[in-house]
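Each chain, written out:
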Amino acid sequence: MSFGNWKPTVVVQGILWILYGLLLQPEPGTATLPLLMDSVIQALAELEQKAPATEAGRSAAAWLLSAQGSGTHSPLRHFLLEGKSLNTTDLDPPSLSPELRGLMGEVARHSVQDGKEYGVVLAPDGSTVAVEPLLAGLWAGLQGHRIVNLSLESSATPPDAGVTFPDLGATSPGLSDASPDVTSADVRAVSPNVSTKDLDVEATSPEARPGSPDVQASSPDTKAKLPTAVDSVLVVTLAGDLGLNFLQGPQTWNHSGLGTEGCWDQLSVPRTFTLLAPEASPLTTAFLNGALDGALLGDYLSQTPEPRPPLNQLLSQYYGAGVAGDPGFRSNFRRHNGAALTSAPTLTQQVWGALILLQRLEPAHPRLQGMSQEELAQVATHASKEFTEAFLGCPAIHPRCRWGAAPYQGRPTPLKLPLGFLYVHHTYLPAPPCTSFNRCAADMRSMQRFHQQTQGWADIGYSFVVGSDGYVYEGRGWHWVGAHTLGHNSRGFGVALIGNYTAVLPSEAALRAVRDELPRCAVRAGLLRPDYALLGHRQLVRTECPGDRLFNLLRTWPHFDKNVKSRTARRASSRSKRRPPPMILLSTDLQ
């Protein structure tokens, strides 16, 4: 069917309203599809298959707008995503398949309760994704980057008053300015019942877009003006929830629980997702994954001219080989792309603006009553800093349960942290780099079997293993002594890149994880000393590892210790056969 034969924007927007609305009228006892992203894509395909013939999208929007009044919703999302009134007939939701209704009833609302996380699905790349912020970002993107102007006339702090920001840094552009359908709305002291159609909304050209933060050069005394606008894409995906999470107070700023991972009961037909930290905040890894995906895809949709691709096609590409044939624009690289999409200063302004807007929408909000603009600015600054440093700036690590690790044999020995070394390996076998979750997970299981059953070790030897799929895989992790560098296992973390790098180099994403992201985050968390030394395996053990090509590159990296000479197997044959001086080794270093 040609895209030109139907009205894509109206239909797609209506479909998103259906998905949002289904959670209000679930059918108890309905058989559901597996909690997989593929199931969500299947649901979208079913809706979009019906929509062109029935123009269901337009009438579905009207149906949902009337249904939303009976449910409890995020005021920010309800305000920013509300559609214009439509004079159409209602769509009869029961005409949708029972499987679809059951699935969306389960995943359309995100929550964390009693150590379980709800409203999440397993994606093909092995990541877990919250559906609610993903759908919100798609809907905001279809509307265009709608800019809501914040009028602060009712605020005690005048708009031109400076507020001190600690260490904001230089401003960089956030979401792209190339939005084709940007609109703006003035928000003063509005009632929670005020809708966007009651406000003065007018088109704003991209050149006049007021969304960029007005932040001066970085210094301890940096002052920033109050935000004048918020961008709906960032607010409904990230900024609003970040601000609310950090409203608890300074005690949560360094222990916010951002990015907690979890385990599925099974990977083939996942049904239950249990968090690894039962006291985690709602901003889990799955939620932040969905929020980032929503922001990235919303930004893409807002810049894509008609006819836009069907949503099921867009999500299939994003959670597959890449959007529009771009392998870099897919879920595997969401953190890297998210860092390019927005900066800490930009996000700070959006978080602050979201909190201001929420004060207008919910004057009696228990966590916002009585808060000054300076207090809101501090919350926004710390929330954005924590998110950009502890999440965007860190590698995505698949936990052991995700790749199907066998149990540790025996009792692990704890490391004495922080450590002072990072040892780099290549696996040699498997030789081909793994570029998909299924392949990388299979390689992990294969290596663990070899280490346990053939080598007789307690577990896979490496602390972490890096694939070429954009992910790091947890081996023995941050806290347990590994079996990777004979004589030195208790002194450093062993990180291996899957593949043989004697003559070729790993992917840039894999190199970035080892060179920058993994050590930076370990230092920030107090697991690795700031003055750590980076060494290739061959500098400590007589081996060709990590391969000539990779080792030559390591020699150019920061923290590489060139004072430790290589002890490769090739050179060992020409060495004197004198025994090396005795070393006192821990038992854990003898593997």
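Residues numbered from 1 in each chain as written. Predicted model: local features only at pLDDT ≥ 70, side-chain atom pairs only at ≥ 80, totals over all residues. Heavy atoms only, no water.

K.L.:
Sorry, what's going on with empty space enclosed by the protein here?
P.N.:
If a probe the size of a water molecule is rolled over the atoms, the empty space left behind becomes visible. For the coordinates displayed, the defined rule picks out three cavities of 30 Å³ or more. Estimates place the volume of the largest cavity at around 180 Å³. Lining the largest cavity are 20 residues, with Asn332, Pro395, Ala396, Gly470 and Glu517 sitting closest to its centre. For the lining of the largest cavity, the leading source of residues is helix H15 (residues 508-524), giving five residues. Of the residues contributing to the lining of the largest cavity, the split by class is ten nonpolar, six polar and four charged. When residues of the lining of the largest cavity are sorted by domain, at least three fall in each of domain 1 (32-152 + 226-393) and domain 2 (419-555). (1 Å grid on protein atoms, 1.4 Å probe; cavity = no way out; pocket = protein on both sides within 12 Å on 5 of 7 lines; lining within 4 Å. Points joined across faces, edges and corners; volume = space filled by probe spheres on them. Helix = DSSP H or I, 4+ residues; strand = E, 2+ residues; numbered from the N terminus. Nonpolar A, V, L, I, M, F, W, Y, C, P; charged D, E, K, R; others polar. Domains from an automatic or database assignment.)

K.L.:
What exactly am I supposed to notice about the packing of helix H7 (residues 232-245) against helix H11 (residues 344-361) here?
P.N.:
Running from N to C, H7 and H11 point in directions that differ by 80°, and their axes come no closer than 8 Å. Our classification of the angle between H7 and H11 gives roughly perpendicular. Of H11, the residues touching H7 (which contributes Leu234, Val235, Ala239, Gly240, Leu242, Gly243 and Leu244) are Leu347, Gln350, Val351, Ala354, Leu355 and Leu358. Class assignment of the residues belonging to the contact of H7 with H11 gives a composition of ten nonpolar, three polar and no charged. (Axes fitted to C-alpha atoms, helices over the stretch in contact; angles between N-to-C directions. Parallel < 35°, antiparallel > 145°, perpendicular 65-115°, else oblique. Contact = heavy atoms within 4.5 Å.)

K.L.:
Help me understand helix H9 (residues 311-318), please; the structure alone is not making it clear to me.
P.N.:
Because each turn of an α-helix spans 3.6 residues, side chains separated by three or four positions end up pointing in the same direction. Within H9, the full set of buried residues consists of Leu311, Asn312, Leu314, Leu315 and Tyr318. Take H9 and look down its axis: the buried residues cluster within an arc of 160°, on one side only. (Buried < 20%, exposed > 50% of the residue type's maximum accessible area, 1.4 Å probe, protein only. Arc of directions from axis to C-beta.)

K.L.:
How should the state of the cysteines be read in this particular structure?
P.N.:
Linking two cysteines covalently through their sulfur atoms gives a disulfide. With the rule as written, the count across this model stands at three disulfides. With a sulfur-sulfur separation of 2.0 Å, Cys263 is cross-linked through a disulfide to Cys401. What sets the handedness of the Cys263 and Cys401 disulfide is the S-S torsion sign, and at about -90° it is left-handed. Pair noted here: Cys263 is in strand S11 (residues 262-264) and Cys401 is in helix H13 (residues 400-403), with a separation of 138 residues, a long-range link. Assessed through its relative accessible area of 19%, Cys263 is described here as buried. In this structure Cys401 comes out as partly exposed when scored by relative accessible area, which is 29%. Disulfide partner of Cys434: Cys440, at an S-S distance of 2.0 Å. Taking the torsion about the S-S bond as the criterion, the Cys434 to Cys440 disulfide, at about 95°, is right-handed. Assessed through its relative accessible area of 0%, Cys440 is described here as buried. Here the bonded cysteines of the chain are numbered in sequence order, and their pairing is 1-3, 2-6, 4-5. (Disulfide = S-S within 2.5 Å.)

K.L.:
Would you take a moment to explain the sheet that holds strand S17 (residues 492-497) for this structure?
P.N.:
Working definition: the strands of a sheet are paired by backbone hydrogen bonds and lie parallel or antiparallel to each other. Strand order in the open sheet formed by six strands is S13-S16-S15-S17-S14-S18, and the pairing between neighbours is mixed. A single partner strand is all that each edge strand has here, and the edge strands are strand S13 (397-398) and strand S18 (528-536). In the sheet, strand S15 (residues 464-466) pairs with S17 via three bridges, with the strands oriented parallel. Residue pairing for S17: Phe464 is matched across the bridge by Val495. Against the sheet, helix H14 (residues 437-454) touches S13, S15 and strand S16 (472-474), its axis set at about 35° to S16. In the packing of H15 onto the sheet, contacts are made with S13, strand S14 (419-426), S15, S16, S17 and S18, and the angle to S18 comes to roughly 150°. (Pairing = 2+ DSSP bridges.)

K.L.:
Got a minute to help me understand the confidence of the model for the chain in this structure?
P.N.:
Predicted coordinates in regions of low pLDDT should not be interpreted in detail. Residues with a pLDDT of 70 or more make up 70% of the chain, whose mean pLDDT is 78. For residues 23-31, every residue scores under 50 in pLDDT, and the model assigns this stretch 18 contacts once sequence neighbours within four places are set aside. Segment residues 83-94: pLDDT under 50, and 22 contacts once partners within four positions in sequence are set aside and those in other chains are kept. (pLDDT = per-residue confidence, 0-100.)

K.L.:
Would you take a moment to explain the packing of aromatic side chains for this structure?
P.N.:
Two descriptors summarise a pair of aromatic rings, namely the distance from one centre to the other and the angle between the planes of the rings. Evaluation of the coordinates by the stated rule reveals nine aromatic pairs. When the centroid spacing of 5.7 Å and the interplanar angle of 15° are considered together, the rings of Phe387 and Phe391 count as stacked. Here the residue Phe387 and the residue Phe391 both occupy positions in helix H12 (residues 373-392), the gap between them amounting to four residues, near one helical turn. With a centroid separation of 5.0 Å and 90° between ring planes, the pair formed by Trp478 and Phe493 is classed as edge-to-face. Residue Trp478 is located in the loop between S16 and S17, and its partner Phe493 is located in strand S17; the two are separated by 15 residues in the primary sequence. A single burial state applies to Trp478 and to Phe493, both of which are buried. One aromatic cluster is present, formed by Tyr300, Tyr318, Tyr319 and Phe329 through successive ring pairs. In this arrangement the basic side chain of Arg335 is found over the ring face of Phe391, its NZ or CZ atom lying 3.8 Å from the centre. (Phe/Tyr/Trp six-rings, centres within 6.5 Å; stacked < 30°, edge-to-face > 60°. Lys NZ or Arg CZ within 6 Å of the ring centre and 35° of its normal.)

K.L.:
Explanation requested: the pattern of salt bridges in the structure shown.
P.N.:
Side chains carrying opposite charge are able to pair once their charged atoms draw close together. Enumeration according to the criterion identifies 16 salt bridges in this entry. Among the salt bridges present, the one from Arg77 reaches Asp241, with a minimum N-O distance of 3.2 Å. Of the two residues, Arg77 sits in helix H4 (residues 75-81) while Asp241 sits in helix H7, which places them 164 residues apart along the sequence. Ionic pairing is found between Glu508 and Arg515, a salt bridge with its closest N-O pair at 3.2 Å. Note on Arg515: relative accessible area 23%, which makes it partly exposed. Connected via shared salt-bridge partners are Lys385, Glu386, Glu389 and Arg524. (Salt bridge = Lys/Arg side-chain N within 4 Å of Asp/Glu carboxyl O.)

K.L.:
Quick question: what am I supposed to make of the packing of helix H6 (residues 131-143) against H7 here?
P.N.:
Contact geometry of H6 with H7 gives a least axis separation of 9 Å together with a crossing angle of 175°. Accordingly, the angle class assigned to the pair H6 and H7 is roughly antiparallel. Residues Pro133, Ala136, Gly137, Ala140 and Gly141 of H6 form the contact with H7, whose participating residues are Ser232, Val233, Val236 and Thr237. Here the residues of the contact of H6 with H7 are counted per class, giving five nonpolar, four polar and no charged.

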